[in-house]
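The lines below spell out each chain.
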Amino acid sequence: MDLTTLLLCTLLLTACCCRRSAGVPDKVEPKPEILEFQVGDNAHLNCDSSLSIDDLSHVDWFFKHKDQRIHIFQVRRGQGQPDPGEYQHRLTLLDGANLSLEHVTPKDERIFICQVKGLASHTQEKYIQLQIYKAPKEPTIQASPSGISVISKVPQEVATCNGEDGYPIPHVTWYKNRRPLKDKNRIRITEVRTKESSGLYTVKSTLWAQLDKEDKDALFYCELSYRLPGGDHMKESKEVNVTVYYPMEKVWLEVTPNRLLKEGDKVELKCLSDGNPPPHFTIRKQDPISLSWLEVENISDGVLILEQAQKHHSGLYECLGLDFETGVETTDQQQLLVNYVSNVQVQPKAPVMSEGSSLKLNCSAESSQPLVFHWKREKTDEVLKNGSVLHLTNLTREAGGGYLCVASVPKVPGLKHTQLVNVTINGSPWVMAKEAHMWVRENEVVNLTCEVSGQPRPTISWSVNGTVHEHEKDFQTVLSILKVQVIPELLAKGAVCRASNSLGSNKTTIFLELVNLTTLTITTTGNTTSSQSTTTITSPSSAKANSTSTAGTKQESKGVVIVAVIVCILLLAVLGAVLYFLYKKGKMPCGRSGKQEITLPLARKNEIVVEVKSDKLPEEMGLLQGSNGDKRAPRDQGEKYIDLRH
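Reference entry: report on the structure contained in this document. These numbers come from a predicted model, not from an experiment.

**Quick word on the overall build of the protein**
When its secondary structure is counted, the protein shows 4 helices and 50 strands. Residues classed as buried in the protein amount to 38% of the 646 residues present. Surface summary for the protein: the accessible area is close to 37,300 Å², and the carbon and sulfur share equals 52%.

**So, the environment of Q88**
Examined against the element boundaries, Q88 turns out to sit in the loop between β5 (79-82) and β6 (91-93). Since its relative accessible area comes to 31%, Q88 is described here as partly exposed. As for Q88 and F73, which are separated by 15 residues in sequence, their C-alpha atoms are 8.3 Å apart. If we skip the residues at most four places from it in the chain, Q88 touches P82 and D83.

**Remarks on the nonpolar core**
Judged by nonpolar contacts, the single largest core of 26 residues is most densely connected at W61, I72, L101, F112 and L130. Broken down by secondary-structure element, the contributors of at least two residues to this core are β1 (33-38), β2 (43-45), β3 (58-65), β4 (68-76), β7 (99-101), β8 (111-117) and β9 (123-133). For this core, the two domains that each supply at least three residues are domain 1 (33-133) and domain 2 (140-245). Non-local contacts of L130, meaning those with residues more than four positions away in its chain, are made with L35, F37, A43, L45, L101, D108, E109, R110 and F112.

**Points about the packing of aromatic side chains**
In total, this model carries 4 aromatic pairs according to the counting rule given. When the ring of Y87 is compared with that of F112, the centres are 5.7 Å apart and the planes differ by 80 degrees; the resulting orientation is edge-to-face. Of the two residues, Y87 is situated in the loop between β5 and β6 and F112 in strand β8; the sequence distance between them amounts to 25 residues. An identical accessibility class is assigned to Y87 and F112; each is buried.

**Details of the layout of surface pockets**
Using a probe with the size of a water molecule, rolled over the atoms, empty space left in the structure can be pinpointed. Taken as a whole, the second largest pocket spans an internal volume of roughly 340 Å³. As for the second largest pocket, its lining consists of 17 residues, and the residues nearest its centre are K379, G400, D474, Q476 and T477. Sorting the residues of the lining of the second largest pocket by element identifies β35 (401-408), β36 (416-431), β38 (445-455) and β40 (467-474) as the ones contributing at least two each. Per-class residue counts for the lining of the second largest pocket are 3 nonpolar, 7 polar and 7 charged.

**Remarks on the sheet that holds strand β22 (residues 267-273)**
For sheets, the rule is that strands pair by backbone hydrogen bonds, running either parallel or antiparallel. Spatial ordering of the open sheet is given by β20-β22-β25, a layout of 3 strands whose pairing is antiparallel. Unpaired on one side and paired on the other, β20 (251-256) and β25 (303-306) mark the two borders of the sheet. Taking the axes of each pair of neighbouring strands and ignoring which way they run, one obtains an average angle of 15 degrees across the sheet. Two elements, β22 and β25, share 4 bridges in a ladder whose sense is antiparallel. Residue V267 lies in a different strand from β25, and its bridge partner there is L306.

**Thoughts on the pattern of salt bridges**
One pass over the full model with this rule turns up 24 salt bridges. R110 is the salt-bridge partner of E86, the closest N and O atoms lying 3.4 Å from each other. Residue E86 is found in the loop between β5 and β6, and its partner R110 is found in the loop between β7 and β8; the two are separated by 24 residues along the sequence. Its relative accessible area of 16% is what places R110 among the buried residues. Among the salt bridges present, the one from R457 reaches E472, with a minimum N-O distance of 3.3 Å. Of this pair, R457 sits in the loop between β38 and β39 (459-462) while E472 sits in strand β40; the two residues are 15 residues apart in sequence, bridging distant segments of the chain. Residue class for R457 comes out partly exposed when judged on its relative accessible area of 41%. Ionic contacts of the salt-bridge type, sharing partners, join the residues E36, R227 and D232 into one network.

**As for empty space enclosed by the protein**
By the definition in use, this model includes 2 cavities of 30 Å³ or more. The space that makes up the largest cavity amounts to roughly 70 Å³. Contributing to the lining of the largest cavity are S149, I151, Y245, Y246, P247, N276, P277, D323, E325 and T326. Here the residues of the lining of the largest cavity are counted per class, giving 5 nonpolar, 3 polar and 2 charged. Formed jointly, the lining of the largest cavity draws a minimum of three residues from each of two domains, domain 2 (140-245) and domain 3 (251-336).

**Quick word on the sheet that holds β5**
One open sheet holds the 6 strands; their spatial order is β1-β9-β8-β3-β4-β5, and the pairing between them is mixed. One side of each edge strand has no neighbouring strand; the edge strands of this open sheet are β1 and β5. Going from strand to strand, the sheet's axes swing by 25 degrees on average, the running direction of each strand aside. Note: β3 against β4, 8 bridges, orientation antiparallel. Note on β4: the bridge partner recorded for H58 is R76.

Basis of the calculations
- Residues numbered from 1 in each chain as written.
- Predicted model: local features only at pLDDT ≥ 70, side-chain atom pairs only at ≥ 80, totals over all residues.
- Heavy atoms only, no water.
- Helix = DSSP H or I, 4+ residues; strand = E, 2+ residues; numbered from the N terminus.
- Buried < 20%, exposed > 50% of the residue type's maximum accessible area, 1.4 Å probe, protein only.
- Areas by Shrake-Rupley, 256 points an atom, 1.4 Å probe, with all protein chains shown as cover.
- Contact = heavy atoms within 4.5 Å.
- Core = buried A, V, L, I, M, F, W, Y, C linked by side-chain atoms within 4.5 Å.
- Domains from an automatic or database assignment.
- Phe/Tyr/Trp six-rings, centres within 6.5 Å; stacked < 30°, edge-to-face > 60°.
- 1 Å grid on protein atoms, 1.4 Å probe; cavity = no way out; pocket = protein on both sides within 12 Å on 5 of 7 lines; lining within 4 Å.
- Points joined across faces, edges and corners; volume = space filled by probe spheres on them.
- Nonpolar A, V, L, I, M, F, W, Y, C, P; charged D, E, K, R; others polar.
- Pairing = 2+ DSSP bridges.
- Axes fitted to C-alpha atoms, helices over the stretch in contact; angles between N-to-C directions.
- Salt bridge = Lys/Arg side-chain N within 4 Å of Asp/Glu carboxyl O.

Right, dumping it as structure tokens:
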């Protein structure tokens, strides 16, 4: 380099330095227009040149990267041409020199420059700043699974909050019971921000704190604050509760149900404490004699269950709680009382009395509460008297049987016990009836029942042979059942049941009577000119009604009666329908004469006979009425002949 060139460079450098020292400013960029869009929107980039459209002969678009301008689009005489690169396929020329940028992303948050050169080489520039926003997803929160101990001297992790896919980075605020928490003193908040390949951000915020016992029910949540075009927004997570561990201060023993207890109740003794986690529980019972404590077995998690509480379960119980973390041991005691009624006794225990004598029954019992007594008759459940003493005077045979002494505790509903005493009245055998009647069919097998009362227990025998079964109806009544076949000899003499004991004897006779079936016959004889109709009704030979001594005899008679009545009604209905049909057809004149003649068609030459038998008993049959309303004797068989003619 020669001396002249060196001198020239020195002069230029000096002039430049003098210009800067004189405060001459560099070219100042114009303030950019700010446009806000959400991710995925189409952004309109308007050039807005003051030059006329005819002068827009040369327009270039750039975006600014650090201190450099990167050319992305050019317009020449109304024709647009994108440059190769990231915007090649996303820019579209609108009217004039305006552009449309499709599907903006966080990477498009930059300054775009529109440069216009007129025909007179006059140059204008416009700066556009794009601001891109994206709302984050709903925040998620996770409470610390390990819990927090209140005796810790440093903050422990309470919960973690995640906000995903937001732009710009969302701001996280923590709340406890709807009040914001600040990062100071016993509170510490840490945050990790991650930028995804899409340009979106995920933020993970962790709350650390020292908690107290009062925070065991506290609810924590996080809030994400973010901006969208037009304003600020926020999203809240759900509320969570974190497990807080704290030492116990006291224990107590709870008994359920919380009422007066009685034998047979299900009772639960449960140890409880105000510590978390619960301490180790032990339940002990005090021996009432030695006053020493005996550990109760079969407890689970500090709970003792008595499925059927009894008198011996009463006593003093103690719950002992041991906190392993602090080594503190705490106890509580509870008195358990199971109310009872026991040892109910009646004197005399099994009295045996004579008819006409008197008896005094005394009842006593033991209980944990005041008792009341009353007496009831066993077979009727009737209350006879209140009080512990029952007087029975002028005893009769009917006074024998069971008596119940009921001892109850009014203060404890449902607590009562009873004692049964059987009073025996000595006497000769007594039968239900001196004689009884039973309807039977010949050769059938029947059961004859004989019921006898008496004390001492009577011996029963039958006058006929058969199979005999005996059983006691109660402590002074015997049932003897004879299974026998109905034969002529039995029908003639009946069956005698004899009962005897040391005080006398008695008997009852059961008479058997045959059931005769009622026969109803309708006979129709036809020929070419006339026909004949015959109706025959046969009644039992005896209409005598007799009562029976057993339930079995009555039930059998009633069954036969019901069947007979139903059959007779059906037969009369059928007969009436036939006669009414013939009358309506004009084939039978109306009249009350015993015989009517009507000519039948030649084709009806056959004879029709209908016979119906009824099991209706004599006492149910009554008297049969004739056609004129007059009654007929049971054995009277009326005949009716009807001559059917055209």
